[in-house]
Amino acid sequence: MRRRHHVLKSRLSAWFAVWMGLLTVAFYLWPDQHMLWWGAIGLSSVAGVVVGVVVHKPSRRWPWLLLAAALGCFGAGDFLYNLLTDVFALENPFPSVNDVLYLAMYPLVAGGLLGFIRSRTGRNNRDSLIDAATFTIGLALLSWIFLIDPYVRSTELTLLQKLVSIAYPLGDVLTLAVFVRLLTGGMRRNGTINFLGLGTAGLLAADVVYGLIQLNGSWHVGGPTDLGWVLCYSAWAAAALHPSMTEMTEPTRSSATTDLSGRRIVLLGLASLIAPAVLLIEASLGTVRDAAVIAAASGVMFALVLTRLAGVMGNHRQSLTRERGLRAATTTLVAAADTGEALAAVQTTLERLLPADTPHVVALIRVGDEEELPAPGLVRVSGLAPDVRAQLREFSSTLRHPLGATSDTLYLAAPTEVLQLLQPTFEVLAAQAAMALERITLSAEVNRRNSEAYFRTLIHNTSDVILIIDDNDVIQYASPAAGTVFGDERIAGYELWEFLARDERARLAELLGQVRHGLHSHDVMDVRAERVDGSGLLVEIDCRDLRSDTTVGGLVLTVRDVTERRRMEEQLIRQAFHDSLTGLANRVLFGDRVEQAVFRGQRDGTLVGVLFIDLDDFKIVNDTLGHAIGDELLKAVGKRITGELRPTDTVARLGGDEFAALIEADSIADLELAAERINIALAEPFAVAGDSVNGISSIGLSTTIDANSAEELLRQADLALYVAKGAGKGQWRRYQSDLHTAVLERLELRAALDQAVKESQFVLQYQPIVDLATGVPLGFEALVRWNHPTRGMIAPGHFIEVAEESGLIVPMGRMVLQQALNTAGRWQRSTAPGALRYISVNVSARQFRTPGFVEEVRQMLRASGVEPGTLLLEITESLLLRNDDTVRADLDALRAMGIRLAIDDFGTGYSSLSYLQHMPIDVLKIDKSFIDDMLSSTQQRAVVTAIVQLAQTFNLSVVAEGVEEPGQREALHEIGCPYGQGYLFARPLSEPDAFALIPKTAPFAAMA
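Our subject in this report is the structure included herewith. (Residues numbered from 1 in each chain as written. Predicted model: local features only at pLDDT ≥ 70, side-chain atom pairs only at ≥ 80, totals over all residues. Heavy atoms only, no water.)

A word on the overall build of the chain
Looking only at helices and strands, one finds 36 helices and 25 strands in the chain. Put simply, the chain has 1008 residues, and 48% of those count as buried. Looking at the chain alone, contacts between residues at least 24 apart form 67% of all its contacts between residues at least 6 apart. Working note: accessible area of the chain is about 47,700 Å², and carbon and sulfur atoms make up 57% of it. (Helix = DSSP H or I, 4+ residues; strand = E, 2+ residues; numbered from the N terminus. Buried < 20%, exposed > 50% of the residue type's maximum accessible area, 1.4 Å probe, protein only. Contact = heavy atoms within 4.5 Å. Areas by Shrake-Rupley, 256 points an atom, 1.4 Å probe, with all protein chains shown as cover.)

In structure tokens, the structure reads:
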């Protein structure tokens, strides 16, 4: 009878599908009676959900009842619609009362799905929520483009019709978001999940087609679109009738929710590409209508990706913490002498593994002799026995695991979401505790029982090998497990030493001697052993002296094969102390070795040195070539540094592009030579994935001559590196006492610079840009100077670098641009129209990337009254090298305003022809370093010639910077460079002196 009832329940979904299929066929065969058939479909779906709840009896019914209510609203809305069209002869009534019922369905569906999520995975699951949000935002953007936005822009719909029309796709997005959240919550796929997904897909497809028809045609009942809603009715009811529906309201572990599987990464990647794909399509069609929406969606998805990555790192740290806790617990359990110690170790470990201040209950409950051990897993407290429920009544869920050796069951009750994350660790810990209790119980029984038969029965059921040896170390007895561990259980009669590695015998003999002399009641050690076939293994040996027991009469050795466990522990330890990318020591291991080296140096007089190595242009490599190339460069740098040092030296990666080396040497000269060697080696370009990549680095060196502790040694190396980077790229510096003064001066400069920005202590000077052929000026470049209260006028070379580091370059650049435009405005108002053609202002990459920069420039132009075409903005090459849509959009916006753009110091960075072709650039400014040597170096002259020809190819103007000699001017004119700037024509001038050069009647010559 029970079997027949089970078969009946398992076939409900199939029978219901047949019934709904018959109703659907009748609906299409007899369209005149569609109101009857459609009403039957809706009522059947509601009845199906209710029947499923009654038959299968899930632990929580309300999510299913909400789903039934949603189907009821859906069916009632269809009934009212058919009533209005068929009885009252209204043609496509919209909006109407039935729309209220339709829209009420969406929050009911969302509530039901959220009920499943809360029942399965608890209240909080940030990772799956972020994944669901990312996927949903991408599809919501499509909904906006193709459904919502057309409704908003429609001129044929009333306001109420628009609001109702928009509500439908918003309801679909809500349903999709909650369902995707359900899928990404680590739930195992089953029939119910598949039916829910099928019904949701049918609903969304039908709603989308319905919305498009409402926009572009006329709607009528009985079309193929109705199949989508039929599928929704049928599949959601079939989900409730499927036997797996009870799993939807049972808690489950959530380890899968933090995994980024290949399929999930692909789906999230495709979702993230929807926004740029839509933007690309609209741009190719000529009009970008939804830029704000696309930008908002892209920004939100970018923030979600960053949050997801942070969550992955946090989960990784939690995993490492749990692994360390398990290792500590394993050690404690191995050393536990009785059941109390083992259980105390389990309780202590669980308290450490739980998040701080988490309410919880740990209980150990003995199972009756006639009761079966419960199955391990995550279960609801409400389904447990009354005595167990009484101890755990504060919580709704608990983890349990039987400890078979003692007939006890271990329970851990806490908030459900905490238990889901801790379940794998809890199961491993409980299994280890069960093994420890099994070992402890077995050892106790050996001492307590004097029956050899009972003793043999026990040891036949353990995986540990029990050996009894006499005073001559001959094996008197070996348990059957010896066949598994040593390859042959017939080892009795052989000496113990025949099964140990030769170099381990002395160590074990010492332990046996101590046990025999009563120095230790028992002890545990790891020993390398050999199987009968000669292969090696690692065993853990626990030795007890039972010679006084007449039933034993010897030393009892408990031998356990720990080869695999120790290998895993060594692997975990290596991961904890080594960098995962380069395989070098990490910061923790490096710090430990520095402490040991300093201690040895203080004891032996050895000189210890520490090198801090930082790549100068690593951020540019990442930005231009990608993070994959950056990772390969870091690996290559680690290998090259290691190759320049001895095997006894320690090389570490501290994080990012920071490396370190620990060297013990005989003299300071050896340490300085090592720093010089590494510096030269890293200056050679790296061949990475077919690209030549720069690895120039700055190095700071400190020695124990100036430091008395490891902490001081590391701090001094960091100071030396700071000074080396301040000296320019590719430099190394050794710490000396006067470095403190240099660092303090730099910090004082930064503080003074901050005050200078607040007090507007900066003034501008203006250097003319002239036509090389005629000497006629074209315009002026605004150059900032710091008018220090005590030190007087300070050139930018002394403070720009500090401003870049501190971020003060942004307000400073804003101040310079405002002041330059105000000056240009005054000049234009005081001269004839067109007399002042250009004012050139430098803009740092950091200032350019500040949100709202383009709008800020627009407002400054409006306030100053300067025509946009008068402004020439000079930017650096590094800003253009990243394939950044935002930068491109801002450049296009500036060009659209009429502002011209120049590349400053061209040729000194990672120059690329691609941005010259695709970016909206007007002017190239050749760096002064090329002009200085062009008269004496044919190679430099050839470079300048190539740049001029390249600019002409791309129809760009060229300005040579730093022209100081007539010969340079003539050479530049000969090779076709039209414009120049430098001391040959004028030094930077004050505002009145520069104004005097502006013709008051005739305009400047225009820059081509």
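On we go.
Things to note about the packing of aromatic side chains
Inspection of every chain in the model, using the stated rule, returns 11 aromatic pairs. Considering the side-chain rings of Phe 27 and Tyr 28, the 5.0 Å spacing of their centres and the 80° angle between planes classify their relative orientation as edge-to-face. Note on Tyr 28: relative accessible area 31%, which makes it partly exposed. In this arrangement the basic side chain of Arg 640 is found over the ring face of Phe 686, its NZ or CZ atom lying 3.6 Å from the centre. We note Arg 987 situated over the ring of Tyr 983; from NZ or CZ to the ring centre the distance is 4.0 Å. (Phe/Tyr/Trp six-rings, centres within 6.5 Å; stacked < 30°, edge-to-face > 60°. Lys NZ or Arg CZ within 6 Å of the ring centre and 35° of its normal.)

Considerations on the sheet that holds strand β15 (residues 697-703)
Read across the sheet, five strands follow the order β11-β12-β10-β15-β16 without closing on themselves; strand pairing throughout is mixed. In this open sheet, the two edge strands, each paired with only one partner strand, are β11 (650-655) and β16 (732-734). Across the sheet, the mean angle from the axis of one strand to that of its neighbour is 20°, orientation sign disregarded. Across the face of the sheet, helix α20 (residues 587-604) comes into contact with β10 (607-615), β11 and β12 (658-665) while running at roughly 20° to β12. (Pairing = 2+ DSSP bridges. Axes fitted to C-alpha atoms, helices over the stretch in contact; angles between N-to-C directions.)

Details of a nonpolar patch on the surface
On the surface, Phe 302, Val 305, Leu 306 and Leu 309 cluster together into a nonpolar patch covering about 380 Å² of accessible area. With respect to the helices and strands, the residue Leu 306 is situated in helix α12 (residues 291-335). (Patch = residues over 30% accessible without salt bridge, like charges linked within 9 Å, V, L, I, M, F, W, Y side chains within 5 Å. Salt bridge = Lys/Arg side-chain N within 4 Å of Asp/Glu carboxyl O.)

Digging into the nonpolar core
Among the nonpolar cores identified, the biggest contains 75 residues, and Leu 753, Phe 762, Leu 871, Leu 873, Leu 894, Val 944 and Leu 972 are the most heavily contacted of them. Looking at this core, the element that brings in the most residues is helix α27 (residues 809-830), giving 10 residues. With residues up to four places along the chain from it excluded, the contact list for Leu 753 reads Phe 762, Trp 786, Phe 799, Val 802, Ala 803, Leu 808 and Met 812. Membership of the second largest hydrophobic core comes to 48 residues, among which are Leu 12, Ile 41, Met 105 and Trp 236. (Core = buried A, V, L, I, M, F, W, Y, C linked by side-chain atoms within 4.5 Å.)

Describing helix α31 (residues 885-897)
End to end, α31 covers 18 Å across 13 residues, agreeing with the expected 18 Å (1.5 Å per residue, within 8%). Every buried residue of α31 is listed here: Val 887, Leu 891, Leu 894 and Met 897. When α31 is viewed along its axis, its buried side chains cluster within an angular range of 120° and face the same direction. What points out from α31, more than 90 degrees from its buried face, is the exposed set Asp 885 and Ala 896. Count one or two residues on from α31 and you reach Gly 898, which has phi positive near 105°. (Expected span 1.5 Å × (residues − 1). Arc of directions from axis to C-beta.)

Regarding the environment of Arg 366
Turning to its location among the elements, Arg 366 is positioned in strand β1 (residues 361-366). Spatially, the C-alpha atoms of Arg 366 and Pro 402 are 9.3 Å apart, while their sequence positions differ by 36 residues.

Describing unusual backbone geometry
Of note, the phi angle at Lys 57 is positive, near 55°, even though the residue is not glycine. Take Lys 57: it is sitting in the loop between α3 (34-56) and α4 (62-87). Judged by relative accessible area, Lys 57 falls into the exposed class, the value being 56%.

With respect to α20
Its 18 residues give α20 an end-to-end C-alpha distance of 25 Å, which sits within 8% of 26 Å, the value for a rise of 1.5 Å per residue. Of the residues trailing α20, Gly 605 is marked for its positive phi of about 80°.

Looking at the packing of helix α21 (residues 618-625) against helix α22 (residues 627-643)
α22 packs onto α21 with a crossing angle of 140° between their chain directions and a minimal axis gap of 7 Å. Judged by the angle between their axes, α21 and α22 are oblique. Contacts between α21 and α22 involve Phe 618, Val 621, Asn 622 and Leu 625 on the former and, on the latter, His 627, Ile 629, Gly 630, Leu 633 and Leu 634. For the contact of α21 with α22, the class distribution of residues is six nonpolar, three polar and no charged. (Parallel < 35°, antiparallel > 145°, perpendicular 65-115°, else oblique. Nonpolar A, V, L, I, M, F, W, Y, C, P; charged D, E, K, R; others polar.)

A few points about the side chain of Thr 831
Along the chain, Thr 831 falls in the loop between α27 and β20 (838-842). Judged by its relative accessible area of 10%, Thr 831 is buried. From its side chain, Thr 831 meets the backbone oxygen of Trp 827 in a polar contact 2.8 Å long. (Polar contact = N/O pair within 3.5 Å; in protein donor to acceptor, adjacent residues only side chain to side chain.)

Details of the sheet that holds strand β3 (residues 397-403)
The antiparallel open sheet is built from four strands, whose spatial order is β1-β4-β3-β2. The open sheet terminates on both sides in strands that have one partner only, identified here as β1 and β2 (377-380). Here the average twist between neighbouring strands, direction ignored, is 30°. When β1 meets strand β4 (residues 408-413), the two strands line up antiparallel, connected through six bridges. The partner of Leu 364 across the bridge, within β4, is Leu 410.

Quick look at the pattern of salt bridges
Pairs may arise between side chains of opposite charge once their charged atoms sit close together. Tallying each qualifying case throughout the model produces 21 salt bridges. Residue Lys 635 pairs with Glu 632 through a salt bridge whose shortest N-O separation is 3.5 Å. Of the two residues, Lys 635 and Glu 632 are both situated in helix α22; the distance of three residues between them amounts to about one turn of the helix. With a relative accessible area of 37%, Glu 632 lands in the partly exposed category. Of the charged contacts in the structure, one is a salt bridge between Glu 874 and Lys 925, with a shortest N-O distance of 2.7 Å. Linking Glu 874 in strand β21 (residues 871-875) with Lys 925 in strand β23 (residues 923-926), this pair joins segments that are 51 residues apart in sequence. One exposure class covers both Glu 874 and Lys 925, and it is buried. Overlapping salt bridges, with partners in common, bring together Glu 781, Glu 874, Lys 925 and Glu 961 in one network.

By themselves, these observations are geometric and do not establish any function.
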